[in-house]
Amino acid sequence: MPELPEVESIRLTLAKNTLGKKIIHIKILWSSAAISIPGYEFAELLKGKFIENFDRRGKYLLIGLSNGITMIVHFRMTGRLIYYPEIHPLDKHTHAVFCLDEGELHYSDIRKFGRIQLVPTAKAGEVASLVKLGPEPLDEAFSFDQLGQSLSKKKGTIKAALLDQTVIAGLGNIYADEALFRAGILPERNTRSLKVSEIILLYNSIYEILREGIDARGTSFRDYRDAEGNRGSFQESLMVYGRGGQECKGCGNPLERKKIAGRTTVFCLHCQR
DNA sequence: AGTGGCTCCTGAGCGC
DNA sequence: TGCGCTCAGGAGCCAC
């Protein structure tokens, strides 16, 4: 599932392959919920436009086009945007093909949870889902004070707080569990019970985990691929996610697996407290 | 206001 | 072999 490091990897590989290219035409194969406007209108708006820049906010990818329109993509669980230098056959779950002056870009999504919307670039900052987002964890301006302040407003468990995109943008189930393990904090801890020293540990862990995730070009636990169709490698470095019942890589005790904040959560009772 | 539960959707994995 | 069940989950929405 594309979280911040995966979306960032998609952004980088897309920019490398498609920046400055022209959209010749678009084939819409499935458009019911994924695209916010009727398919023909969507295709008409993008036809003949150049891909000018790529940005990312949390798990959202922002593609700037030459007509003053920004395409905002959220991949949710299984969304993919893959560039092929040559004409490439459609697969069962391809929803749209952007035919470029050189190569083509395929948007596919097995579970159909992904969303694409078009907004005027000038108003991209006003899009409700983006406005609500909390700070960017990799932004230089993001401090542990800021994290502490965001967390102080939350009740519930720290796991729920980390998944809340208004607290901090870009964490999903994988990186939330990994950051908590690294910080040595139990996911079920009440957010308000965290000491300043623990918030500093958590702040550093989030930063490191996301950086390492990007360096590994993301986590391909199952479906994730970057814009060149390649898998990431961070799944090899996971300490807890997807490892319930297995030995903790830190202490050797079996890892716990429990639903917290409605998400499967894996943690170590010995290494986290 | 904050929280918990439901919904969308498909494929994988399991037991029988 | 194949059926039917359960699970995986981001975020929007609703009820309390």
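Reading guide: rules and limits
Chains are numbered independently. Their residues run from 1 in the order of the written sequence. Chain A is the first chain written and ligand 1 is the first ligand written, with later ones labelled in order. Given that this is a predicted model, residues contribute local features only at a pLDDT of at least 70 and side-chain atom pairs are listed and counted only at 80 or more, while totals for whole chains, interfaces and linings are drawn from all residues. Here the side-chain values reflect all heavy atoms present in the structure, with hydrogen atoms and water set aside. In this analysis, strands are considered paired if DSSP registers two or more bridges between them. Going along the chain from the N terminus, every DSSP run of H or I of four or more residues is numbered as a helix, and every run of E of two or more is numbered as a strand. Structural elements are reduced to axes, namely lines fitted to C-alpha atoms, with helices fitted over the stretch in contact, and the angle between N-to-C directions of any two is expressed from 0 to 180 degrees. Here, nonpolar core refers to any group of buried Ala, Val, Leu, Ile, Met, Phe, Trp, Tyr and Cys residues whose side-chain atoms link them within 4.5 Å. Burial classes follow relative accessibility: with a 1.4 Å probe on protein chains only, a residue under 20% of its type's maximum area counts as buried, one over 50% as exposed, and anything between as partly exposed. Note on definitions: a residue-residue contact is assigned when non-hydrogen atoms from the two residues lie within 4.5 Å.

Let us look at the sheet that holds strand E8 (residues 115-120). Taken together, four strands build an open sheet; the order of strands is E2-E3-E4-E8 and the sheet is antiparallel. Looking at which strands have only one partner, the edges of the open sheet turn out to be strand E2 (51-57) and E8. Within this sheet the neighbouring strands show an average axis-to-axis angle of 20 degrees, counted without direction. Across five bridges, the pairing between strand E3 (residues 60-65) and strand E4 (residues 69-74) is antiparallel. Among the inter-strand pairings, leucine 61 is bridged to a residue of E4, identified as valine 73.

In this section: the nonpolar core. One finds Leu147, Leu151, Ile158, Leu162, Leu202 and Ile206 to be the most contacted residues of the largest nonpolar core, which totals 31 residues. Mapped by element, the contributors of at least two residues to this core are helix H4 (144-152), helix H5 (158-163), helix H6 (173-183) and helix H7 (196-215). Sort the elements by how many residues they give to this core and H7 lands first, with seven residues. If sequence neighbours within four positions are ignored, leucine 147 has contacts with Phe142, Ile168, Ile199, Tyr203 and Ile206. Membership of the second largest hydrophobic core comes to 30 residues, among which are Leu14, Ala34, Ile63 and Ile69.

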